[in-house]
Amino acid sequence: MADEHLRPTTLLTIGELAARAGIATSAVRFYDKQGLLTSVRTAGNQRRYPRHTLRRLSIVLAARRFGIPLEEVAELFEALPSDRMPSRRDWARIARLWHARLEARRREIEQLESELTGCLGCGCLSLSTCTVLNPGDVLGAAGTGPLRLGWTDDPK
Ligand code: FES
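Calculation notes
- Residues numbered from 1 in each chain as written.
- Predicted model: local features only at pLDDT ≥ 70, side-chain atom pairs only at ≥ 80, totals over all residues.
- Heavy atoms only, no water.
- Phe/Tyr/Trp six-rings, centres within 6.5 Å; stacked < 30°, edge-to-face > 60°.
- Lys NZ or Arg CZ within 6 Å of the ring centre and 35° of its normal.
- Pairing = 2+ DSSP bridges.
- Helix = DSSP H or I, 4+ residues; strand = E, 2+ residues; numbered from the N terminus.
- Core = buried A, V, L, I, M, F, W, Y, C linked by side-chain atoms within 4.5 Å.
- Buried < 20%, exposed > 50% of the residue type's maximum accessible area, 1.4 Å probe, protein only.
- Arc of directions from axis to C-beta.
- Contact = heavy atoms within 4.5 Å.

Re the packing of aromatic side chains
The tally for this structure, following the rule as stated, stands at three aromatic pairs. Both rings, one in Trp91 and one in Trp98, keep their centres 5.7 Å apart while their planes meet at 85 degrees; by these two values the pair is edge-to-face. Grouping aromatic residues by their ring pairs yields a cluster made of Phe66, Trp91 and Trp98. Geometry around Phe77 places Arg56 over its ring, the cationic atom sitting 4.7 Å from the centre. One residue, Arg65, lies across the ring of Phe66, its end atom 5.6 Å from the ring centre.

Concerning the pairing of strand S3 (residues 47–50)
Pairing of strand S1 (residues 11–12) with S3, which is carried by two bridges, proceeds in the antiparallel orientation. The residue of S3 that forms the bridge with Leu11 is Pro50. With two bridges joining them, strand S2 (residues 40–41) and S3 adopt antiparallel strand pairing. Its bridge partner lying in S3, Arg41 is registered against Arg47. Following S2, the chain reverses through five residues before pairing antiparallel with S3; Asn45 in that reversal takes a positive phi of roughly 65 degrees.

Concerning the nonpolar core
Judged by nonpolar contacts, the single largest core of 23 residues is most densely connected at Val28, Tyr31, Leu36, Val73 and Trp98. At the level of elements, helix H1 (14–21), helix H2 (25–33), helix H3 (53–66), helix H4 (70–78) and helix H5 (88–118) are the ones that each hand at least two residues to this core. Tallying contributions element by element places H4 first for this core, with five residues.

Side note on H4
When we look at burial in H4, the residues that qualify are Leu70, Val73, Ala74, Leu76 and Phe77. The buried side chains of H4 occupy one side of the element, clustering within an arc of 160 degrees when seen end-on. Exposed side of H4, more than 90 degrees from the buried face: Glu71, Glu75 and Glu78 are the residues found there.

Details of the side chain of Glu115
Of note, Glu115 is situated in helix H5. Since its relative accessible area comes to 15%, Glu115 is described here as buried. Among residues more than four places away in sequence, those in contact with Glu115 are Thr131, Val132 and Pro135.

Notes on the sheet that holds S3
By way of backbone hydrogen bonds, the strands of a sheet pair with one another, either parallel or antiparallel. A sheet is described by the order of its strands in space; here three strands give the open sequence S1-S3-S2, paired in antiparallel fashion. At either end of the open sheet lies a strand with only one pairing partner, and these are S1 and S2.

Re unusual backbone geometry
Positive phi values are uncommon outside glycine, yet Asn45 reaches one of about 65 degrees. Its place among the elements puts Asn45 in the loop between S2 and S3.

A word on the environment of Arg47
Along the chain, Arg47 turns up in strand S3. Sequence separation of Arg47 and Thr13 is 34 residues, and the distance between their C-alpha atoms is 6.6 Å. Residues in contact with Arg47, not counting those within four places in the same chain, are Leu12, Thr13, Ile14, Arg29, Asp32, Ser39, Val40 and Arg41.

Printed below as a string of structure tokens:
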């Protein structure tokens with residue numbers, strides 16, 4: 001007897017999967033090509049997706065919303081069995097990872113905001129004083145004075 005996930009009644013066509021996920025079939029094909037979805041082939045060589053693929057697809061769509069690269073999603077999926085839907089525990093682990101990632105991104109954005117606030121917006125674009133071009137005076141800390149190849153404060 002075949003596993004539950006491979007019985008014909010539990011297999012979805014690409015159109016059915018796309019419709020249930022609310023996305024275009026071309027998007028399903030794209031995610032499939034990226035190795036994020038698992039399909040089986042019919043005798044006529046058509047793709048069929050186990051019903052639990054919808055859960056994986058939901059995670060992919062959530063990842064896109066949070067700006068998580070698909071390569072990272074693929075790595076996460078590699079750690080999951082491909083023959084069942086991600087469990088509640090799997091999702092909780094993924095959500096914790098993403099939360100930490102978003103938190104790190106939030107700190108980066110705050111740092112960038114701080115640098116932008118330090119810039120007077122005067123248009124000088126000075127490597128010496130502008131916090132956008134020389135955050136934390138890293139160029140000055142290098143001991144050679146502000147210097148960046150191809151860039152000069154002197155427009156002459
Ligand atoms: S442009 Fe003048 S300080 Fe940033």
